[in-house]
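Working through the structure, step by step
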Amino acid sequence: MYDVIIVGAGPAGLTAAIYACRANLKVLVLEAMTYGGQIINTPSIENYPALFKVSGFDFATNLYNQAKELGSEIKFEKVVKIIPGKEKEVITSTNSYKAKAIIIATGAVSRKLNLPNEDEFVGKGISYCATCDGNFYKGQVVAVNGGGNTAFEDAIYLADIAKKVYLIHRRNEFRADASLVEQAKKKKNIEFILNSKIIKLNGDDKLSSITLNNNKELNIDGLFIAIGKVPETNNFASVVKTTKDGYFESNEECLTNQEGIFVAGDAREKELRQLVTATSDGAIAATAAIKYLKLF
């Protein structure tokens, strides 16, 4: 029996683990893939307090090592079901564990265009991670689809690798921070294509071009999709209440409709989804769980 089981080893989950371990709780962290979540793919973090500049990989690795050193048990197993109750059960694809409290910090995954051939072209011209796959397109022509911070970070990063970068956005205004927009505008090989939407992916064995809603066709070697995230909540929606958009509902203490089940990070309904709010959620959820366990 664990005091707390944390589902997800991203910034929110690992921060929760740190706080829970410092309260001398028995903590298990379960992660389906690898530690770090989405931030591990960010080339440079420049807006986290007191850290002027750090790579997402280094940040996530330091967080992981800190949680481990403090006593967190971390296992790489996918959680498929949670059974609520006084003593809660967490079922993974290979095991079953029990805990007094649970913190769900499953984050979000990249949103797809949902176009024909999209899945077939992944790894053959389509990517959702510029820092992972950008070097494959050195000296080539690529496009980035999106208008938020991630899209601009990707375009700026790719501009130093590719010959040309198209930044395609469906509106004529951006959601990205003004500083990122200015950085992108200074890159001579970034071309903005606004009020446009990708409607078709073209190619045989690999992506060769894209068609926009104005019937304009762009010949490209690679397409990086950065149009937002989808919360990873499906496996738990029957237990924890979610919004119409699929995000977990919770109060200011990150408590859900289920006693002793808390949520943290990008999967939680909130206004701002940033690294700093993910770690904040982790601290808040763990502190609330600690209070709950004192009454257990």
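Up top you'll find the structure we're talking about.
Quick caveat: nothing in here was measured; it's all calculated off a predicted structure.

What counts and what doesn't
- Residues numbered from 1 in each chain as written.
- Predicted model: local features only at pLDDT ≥ 70, side-chain atom pairs only at ≥ 80, totals over all residues.
- Heavy atoms only, no water.
- Axes fitted to C-alpha atoms, helices over the stretch in contact; angles between N-to-C directions.
- Helix = DSSP H or I, 4+ residues; strand = E, 2+ residues; numbered from the N terminus.
- Parallel < 35°, antiparallel > 145°, perpendicular 65-115°, else oblique.
- Left-handed = near helix turned anticlockwise from the far one by under 90°.
- Contact = heavy atoms within 4.5 Å.
- Pairing = 2+ DSSP bridges.

Close contact between helix H5 (residues 149-159) and helix H6 (residues 178-185) brings their axes to 9 Å; oriented N to C, the two are set at 30 degrees. Regarding the angle of H5 to H6, the classification is roughly parallel. Where H5 crosses over H6, the two elements pack in a sense that is left-handed. For the pair formed by H5 and H6, the contact residues are Asn149, Phe152, Glu153 and Ile156 on the first element and Leu180, Val181, Gln183 and Ala184 on the second.

A word on the sheet that holds strand E8 (residues 126-127). Read from one edge of the open sheet, 5 strands run E8-E15-E9-E10-E11, paired in parallel fashion. Edge strands, defined here as strands with exactly one partner in the open sheet, are E8 and strand E11 (190-193). Here strand E9 (residues 141-145) pairs with strand E10 (residues 164-168) via 5 bridges, running parallel. Bridge pairing in E10 places Asn145 opposite Ile168. Contacts between H5 and the sheet are confined to E9, E10, E11 and strand E15 (222-225), with E10 contributing the most and set at about 170 degrees to the helix.

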